[in-house]
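# Examining the three-dimensional arrangement
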Amino acid sequence: MSDTPDEEKLEELRQKKMEQLQEQADGQQGGSQEAAKQQAEAQKKAVLRQHLTDDARKRLNTVKMSKPQFGEQVERQVISLARSGRMQGKIDDEKMKQLLQELKPDSQSFDIKRR
C-alpha cells in the first residue's frame, strides 16, 4: 500500500515537529518535564498513526472517551506490539475489535430468576 504525496508531506511535517519538540526538550533542562510529556505524547500519537488505520483510530478514540483507563491500556498494548516488531502491517478495524475483545476485562453476567 503506497502513501499518497499528501500523506508523505504530512509525515515529513510531523517528523520536523517531533524534532523541534526534541530540541525544545533538550534546551530546557529546568522546565523540561512539561516538554518531555508533550514529546512523549507526540511520539505516542505518531506510533499510533503509523500502525492504525483510520477506522481503528476512530474506534480507539471512542473507547477512550467512554472508558479512559481501558483506552490507555489498549494504546500501551498497541505501542508495545509496534515497538517489539510483533505487528505485521496496520491494525484495521476488525483487528482492533479482536484486540479490544481480548483485553476487555471479564464481565460477570447475572441471571435473575423469579419464582
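Reference entry: report on the structure contained in this document. (Residues numbered from 1 in each chain as written. Predicted model: local features only at pLDDT ≥ 70, side-chain atom pairs only at ≥ 80, totals over all residues. Heavy atoms only, no water.)

### A closer look at the overall build of the protein chain
Where we set the bar: Helix numbers and strand numbers start at the N terminus; a helix is a DSSP run of H or I with at least 4 residues, a strand a run of E with at least 2. Three labels apply to residues, based on accessible area from a 1.4 Å probe with only protein chains included: buried if under 20% of the type maximum, exposed if over 50%, partly exposed otherwise in between. Computed with the Shrake-Rupley method and a 1.4 Å probe, the accessible areas treat only the protein chains shown as cover for residues.
Each helix and strand in the protein chain was counted, giving five helices and zero strands. In the protein chain, the order of α-helices and β-strands from amino to carboxyl end is α-α-α-α-α. Classification of the 115 residues of the protein chain by burial places 25% in the buried group. About 9400 Å² of surface is accessible on the protein chain, with carbon and sulfur atoms providing 46% of the total.

### Details of the pattern of salt bridges
This is how the line gets drawn: What makes a salt bridge here is a side-chain nitrogen of Lys or Arg within 4 Å of a carboxyl oxygen of Asp or Glu, nothing more.
According to the stated counting rule, one finds nine salt bridges in the structure shown. A salt bridge links Lys-44 to Glu-75, with the nearest nitrogen and oxygen atoms 3.0 Å apart. Of this pair, Lys-44 sits in helix 2 (residues 32-51) while Glu-75 sits in helix 4 (residues 68-84), placing them 31 residues apart in sequence. Look at Lys-44 and you get buried, because its relative accessible area is 16%. Classification of Glu-75 by relative accessible area gives buried; the value is 3%. Across the pair Arg-57 and Asp-54 runs a salt bridge, and its minimum N-O distance is 2.5 Å. Here Arg-57 pairs with Asp-54, and both are found in helix 3 (residues 54-66), just three residues apart, close to one helical turn. Salt bridges sharing partners connect three or more residues here, namely Glu-41, Lys-44, Lys-64, Glu-72 and Glu-75.

### A look at helix 3
To keep it simple, the criterion reads: Under the convention used throughout, the expected extent of a helix is 1.5 Å for every residue step, that is, one less than its residue count. What the arc describes is the spread of directions from the helix axis to the C-beta atoms.
For helix 3, with 13 residues, the first-to-last C-alpha span of 19 Å sits near the 18 Å given by 1.5 Å per residue. Among all positions in helix 3, only Ala-56, Leu-60 and Val-63 are buried. Looking down the long axis of helix 3, one finds its buried residues gathered within 60° of arc, a one-sided arrangement. Residues of helix 3 that are exposed and point over 90 degrees away from its buried face: Lys-58, Thr-62, Met-65 and Ser-66.

### Points about helix 4
With 17 residues, helix 4 extends 24 Å between its outermost C-alpha atoms, agreeing within 8% with the 24 Å of an ideal straight helix rising 1.5 Å per residue. The set of residues buried in helix 4 consists of Phe-70, Gly-71, Val-74, Glu-75, Val-78, Ile-79, Leu-81 and Ala-82. Just past helix 4, the residue Gly-85 takes up positive phi, approximately 85°.

### Quick word on the packing of helix 4 against helix 5 (residues 93-103)
Note the following rule: Between N-to-C directions, angles cover 0 to 180 degrees, with each direction set by a line fitted to C-alpha atoms, over the stretch in contact for helices. Left-handed describes a crossing in which the near helix is turned anticlockwise from the far one by less than a right angle; the clockwise case is right-handed. Residues are treated as being in contact if the distance between any of their heavy atoms lies within 4.5 Å. The nonpolar class holds Ala, Val, Leu, Ile, Met, Phe, Trp, Tyr, Cys and Pro. Asp, Glu, Lys and Arg form the charged class, and all remaining residues, Gly among them, are polar.
Contact pair helix 4 / helix 5: the axes reach a minimum separation of 11 Å and the direction vectors enclose 115°. Of the two possible hands of crossing, helix 4 and helix 5 adopt the one that is right-handed. Where helix 4 abuts helix 5, its residues Phe-70, Gln-73, Val-74, Gln-77 and Val-78 lie against Met-96, Leu-99, Leu-100 and Leu-103. A class-by-class count of the residues in the contact of helix 4 with helix 5 yields seven nonpolar, two polar and no charged.

### Considering the nonpolar core
In summary, soluble globular proteins display a tendency toward joint burial of nonpolar side chains. The condition that has to hold: Nine residue types can take part in a nonpolar core, namely buried Ala, Val, Leu, Ile, Met, Phe, Trp, Tyr and Cys, and a core is a set of them joined through side-chain atoms within 4.5 Å.
In this structure, Leu-52, Val-74, Val-78 and Met-96 are the most contacted members of the largest nonpolar core, which totals 17 residues. For this core, the secondary-structure elements that each account for two or more residues are helix 2, helix 3, helix 4 and helix 5. If you tally residues by element for this core, the top one is helix 4, at six residues. In this structure Leu-52 touches Arg-57, Leu-60, Val-78, Lys-90, Ile-91 and Met-96, once residues within four positions along its chain are discounted.

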